[in-house]
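Geometric and topological summary
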Amino acid sequence: MRLEIVSAADFLVHLLRLQAGQLSERQLEMFKSSITEVLRRRYRDHWFPDKPNRGSGYRCLRINGKMDPVIAQAGANVGLLPTVLHNLFPSELTMWIDPSEVSYRIGENGSICVLYERTEPDPDEITPRPSSSSSSSSSTYSSSSSSSSISSMSSGLSSSPTSIGISQQQQYESCKDSLIFEHAQFNEQIAAFVSS
C-alpha cells in the first residue's frame, strides 16, 4: 500500500507544482505528507491485495466540478482551502489507487493512464503460505531524490484494461494529448512526467 500511496501523492503534488508560484515548496511538502497520511488511514481497512478491485470505488479520488473530500481534508490539515486546491487541480481528475496499480484520467473523456504498476505480489501484503518461498517485489515505479523531480514510472506507461492492444507509445501520446487538452499551461512538463 505504501508505494501506491506515495505514487499517488507524488503525482498530486506534481500537478500542484506545475502551477508555478501558487504554492511554496514547504506547502507542497506539507500537503504531500498530509495526503499520504490521510490516504494511509482511509485505506487501512479497505485494502485487499488478493482482490484489488474490491473497494476500488472507496479508494477513488475524484474532482468533477467539486473538490474531492479526501483531497480537501488533506489540504485543510495544512491550511490550504479547498477552493484554492480546486482552482489548482484540473477541473476533471479521477485517480484510482488500488493494490498493485495507480491510474488516473484527466477530463471526462481522457485516456486512462497508469502511474504505477506492480507486476509481482508484495510479500508484505500477501499472507505467506508455508510452502511458498519469498520473492522480491517487482514494479515499474522508481523514485528520485531531487526536490525538483517527482517519482514516476521507469519504463513508460503500461497498458490499462481499457487500452489492451494499444502500444505503450500510442498510449503515451493519448495520455499526453489528454493532459495538454485539459491544461494547456502544463504543456510539455506534464508530458515529460508521464513519459519518464
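Keep in mind the model is a prediction, meaning the values are calculated, not measured.

**Quick notes on the overall build of the chain**
- Assigned secondary structure in the chain consists of seven helices and six strands.
- Starting at the N terminus, the α and β elements of the chain follow one another as α-α-α-β-α-α-β-β-β-β-β-α-α.
- Counting across all 196 residues of the chain, residues that qualify as buried make up 44%.
- Contacts in the chain between residues far apart in sequence, at least 24 positions, make up 57% of those at least 6 positions apart.

**Points about the sheet that holds strand S3 (residues 101-106)**
- The strand order across the open sheet built from four strands is S1-S2-S3-S4, with neighbouring strands paired in antiparallel fashion. This sheet does not close on itself; its edge strands, each paired only once, are strand S1 (61-64) and strand S4 (113-117). Adjacent strand axes in the sheet meet at a mean angle of 10°, parallel and antiparallel pairs treated alike.
- Both S1 and strand S2 (residues 92-98) contribute to a ladder of four bridges, which runs antiparallel.

**So, the pattern of salt bridges**
- In total, this model carries 10 salt bridges according to the counting rule given.
- Several salt bridges converge on common partners, so that one network encompasses Arg62, Glu92, Arg105 and Glu108.

**Here we look at the packing of aromatic side chains**
- Under the definition given, this model contains two aromatic pairs.
- A ring pair is formed by tyrosine 43 and tryptophan 47, whose centres lie 6.0 Å apart and whose planes are at 20°; its orientation type is stacked. Tryptophan 47 shares its class with tyrosine 43; the two are buried.
- Over the face of the ring belonging to tyrosine 58 we find arginine 42, whose NZ or CZ atom lies 4.0 Å from the ring centre.
- Against the face of phenylalanine 48 rests arginine 54, its NZ or CZ located 3.9 Å from the ring centre.

**Re the pairing of S4**
- Burial analysis of S4 places four of its five residues in the buried class, the great majority of the element.
- Here S3 folds back onto S4 in antiparallel fashion, the turn holding six residues, of which glycine 107 has a positive phi close to 90°.

**Overview of the pairing of S2**
- Summarising burial for S2: six of the seven residues are buried, a large majority.
- In this sheet, S3 lies alongside S2 in antiparallel orientation, the contact comprising six bridges. Across the sheet, methionine 95 pairs through a bridge with tyrosine 104, a residue of S3.
- Hairpin connection between S2 and S3: a loop of two residues separates the two successive antiparallel strands, and serine 100 in this loop has a positive phi of roughly 80°.

**Looking at the side chain of arginine 59**
- For arginine 59, the location among the structural elements is in helix H3 (residues 56-59).
- At 2.7 Å, the side chain of arginine 59 forms a polar contact with the backbone oxygen of histidine 46.
- Looking at arginine 59, its side chain comes within polar contact range of the side chain of aspartate 98, at 2.8 Å.
- Residue contacts for arginine 59: discarding those within four places in its chain leaves Tyr43, His46, Trp47, Phe48, Pro52, Asn53, Arg54, Met95, Ile97, Asp98 and Pro99.

Basis of the calculations
- Residues numbered from 1 in each chain as written.
- Predicted model: local features only at pLDDT ≥ 70, side-chain atom pairs only at ≥ 80, totals over all residues.
- Heavy atoms only, no water.
- Helix = DSSP H or I, 4+ residues; strand = E, 2+ residues; numbered from the N terminus.
- Buried < 20%, exposed > 50% of the residue type's maximum accessible area, 1.4 Å probe, protein only.
- Contact = heavy atoms within 4.5 Å.
- Pairing = 2+ DSSP bridges.
- Axes fitted to C-alpha atoms, helices over the stretch in contact; angles between N-to-C directions.
- Salt bridge = Lys/Arg side-chain N within 4 Å of Asp/Glu carboxyl O.
- Phe/Tyr/Trp six-rings, centres within 6.5 Å; stacked < 30°, edge-to-face > 60°.
- Lys NZ or Arg CZ within 6 Å of the ring centre and 35° of its normal.
- Polar contact = N/O pair within 3.5 Å; in protein donor to acceptor, adjacent residues only side chain to side chain.

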